[in-house]
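An overview of the molecular structure
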Amino acid sequence: MSQPYSAALPITHILLRILIVLNWLLGAAIVTLLLVMPNEQWIMSSFNLAPSPDADRLVMGLRAVAVIGIIATPLNYLLLRRLLSIVATVRAGDPFVAANAQRLQAIAWVLLALQCLGVVVGAINKGISTPAHPVHLDASGSLSGWLGVLLVFVLARVFAEGARMRDDLEGTV
């Protein structure tokens, strides 16, 4: 009898590979935008700003957000690669291994770092937004994101304990 998730795993594998490529493309686009496209004049005209200290603060803030986007790109890659490795073990029928516990632990740390970067983006947003020129950036510092971080840390521990119990069981047989 076929398992209910059997069709989902190949789809998940393909989607993760696509997300890895899209992640690097987005990172390259951010680098391009930061280094090539927007000079200060371009940013000021797109926000309809005249030269002023507020305009300078906005330009620097947007550049800082772009740098955070560049930092997030390899973090996202680490997360996606480890998730892809976990999916491979599930497809092979052997998910409760110590390596997956370590992968989940790494994913949890990456998620924590991404949540912290979101807080920094939120602080930058607050610092550069003015009543005359409000800036709305997705800061992704949601309660569900922080709960997700905790969940993955707990899940990593569950996998570590499951792998340990499995090893103990195999040693007694």
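What comes next concerns the included structure. Residue indices follow the written sequence of each chain, beginning from 1 at its first position. Restriction of local features to residues with pLDDT of at least 70 applies here, the model being predicted, together with a cutoff of 80 or more for giving and counting side-chain atom pairs; totals for whole chains, interfaces and linings are based on all residues. Values reported for side chains reflect all heavy atoms of the structure, with hydrogen atoms and water molecules removed beforehand.

**Examining the side chain of Thr73**
Where helices and strands are cited, they refer to DSSP runs of H or I of at least four residues and of E of at least two residues respectively, numbered from the N terminus. When you line up the elements, Thr73 lands in helix H3 (residues 53-91). Residue exposure (1.4 Å probe, protein chains only): buried if accessible area is under 20% of the type maximum, exposed if over 50%, otherwise partly exposed. By relative accessible area, which is 6% here, Thr73 ends up buried. Engagement of the side chain of Thr73 in a polar contact is seen with the backbone oxygen of Gly69, the distance being 3.0 Å. Contacts of Thr73, omitting those with residues within four sequence positions, involve Asn23, Trp24 and Gly27. What qualifies as a polar contact is a pair of N or O atoms within 3.5 Å, subject to a donor-acceptor requirement within protein and to the restriction that residues adjacent in sequence count only when both atoms come from side chains. Note on contacts: a residue pair qualifies if any of its non-hydrogen atoms lie within 4.5 Å across the two residues.

**Remarks on the packing of aromatic side chains**
Side-chain rings of Phe, Tyr and Trp (the six-membered ring for Trp) are treated as a pair once their centres are within 6.5 Å; stacked means planes under 30 degrees apart, edge-to-face means over 60, and tilted covers the remaining angles. Applying the stated rule across the entire model yields 3 aromatic pairs. Relative to Tyr77, the ring of Trp24 lies with its centre 5.2 Å away and its plane at 50°, an arrangement referred to as tilted. In this pair, Trp24 sits in helix H1 (residues 8-35) while Tyr77 sits in helix H3, placing the two residues 53 residues apart along the sequence. Classification of Trp24 by relative accessible area gives partly exposed; the value is 40%.

**Topic: the packing of H3 against helix H4 (residues 98-128)**
The description of two helices packed together rests on the angle between their axes and the distance between the axes. In this analysis, axes come from line fits to C-alpha atoms, helices being fitted only over the stretch in contact, and the angle between any two N-to-C directions falls in the range 0 to 180 degrees. Direction vectors running N to C along H3 and H4 enclose 165°, while the axes themselves pass 9 Å from each other. Taken together, the axes of H3 and H4 are roughly antiparallel relative to one another. In the packing of H3 onto H4, the handedness of the crossing is left-handed. When residues are grouped by polarity, Ala, Val, Leu, Ile, Met, Phe, Trp, Tyr, Cys and Pro land in nonpolar, Asp, Glu, Lys and Arg in charged, and all others, Gly among them, in polar. Its residues assigned to classes, the contact of H3 with H4 shows 24 nonpolar, 6 polar and 3 charged. Each angle is binned into one of four classes, with values under 35 degrees roughly parallel, values over 145 roughly antiparallel, values of 65 to 115 roughly perpendicular, and all other values oblique. The crossing is said to be left-handed when, going from far helix to near helix, the turn is anticlockwise and less than a right angle, and right-handed when the turn is clockwise.

**Considerations on the packing of H4 against helix H5 (residues 143-172)**
At a closest axis distance of 8 Å, the pairing of H4 and H5 adopts a crossing angle of 165°. Between H4 and H5, the crossing angle belongs to the class labelled roughly antiparallel. Considering the relative orientation of H4 and H5, their crossing is left-handed. Of the residues in the contact of H4 with H5, the class split is 19 nonpolar, 4 polar and no charged.

**Remarks on the pattern of salt bridges**
Think of it this way: side chains of opposite charge can pair up when their charged atoms draw near. Counted as salt bridges are all cases of a side-chain nitrogen of Lys or Arg within 4 Å of a carboxyl oxygen of Asp or Glu. Within this structure, the stated rule accounts for 4 salt bridges. Across the pair Arg166 and Asp94 runs a salt bridge, and its minimum N-O distance is 2.3 Å. Remark: Asp94 occurs in the loop between H3 and H4 and Arg166 occurs in helix H5; sequence separation between them is 72 residues. The class for Arg166 is partly exposed, based on a relative accessible area of 30%.

Everything listed here is a matter of coordinates, which is why it stays silent on function.
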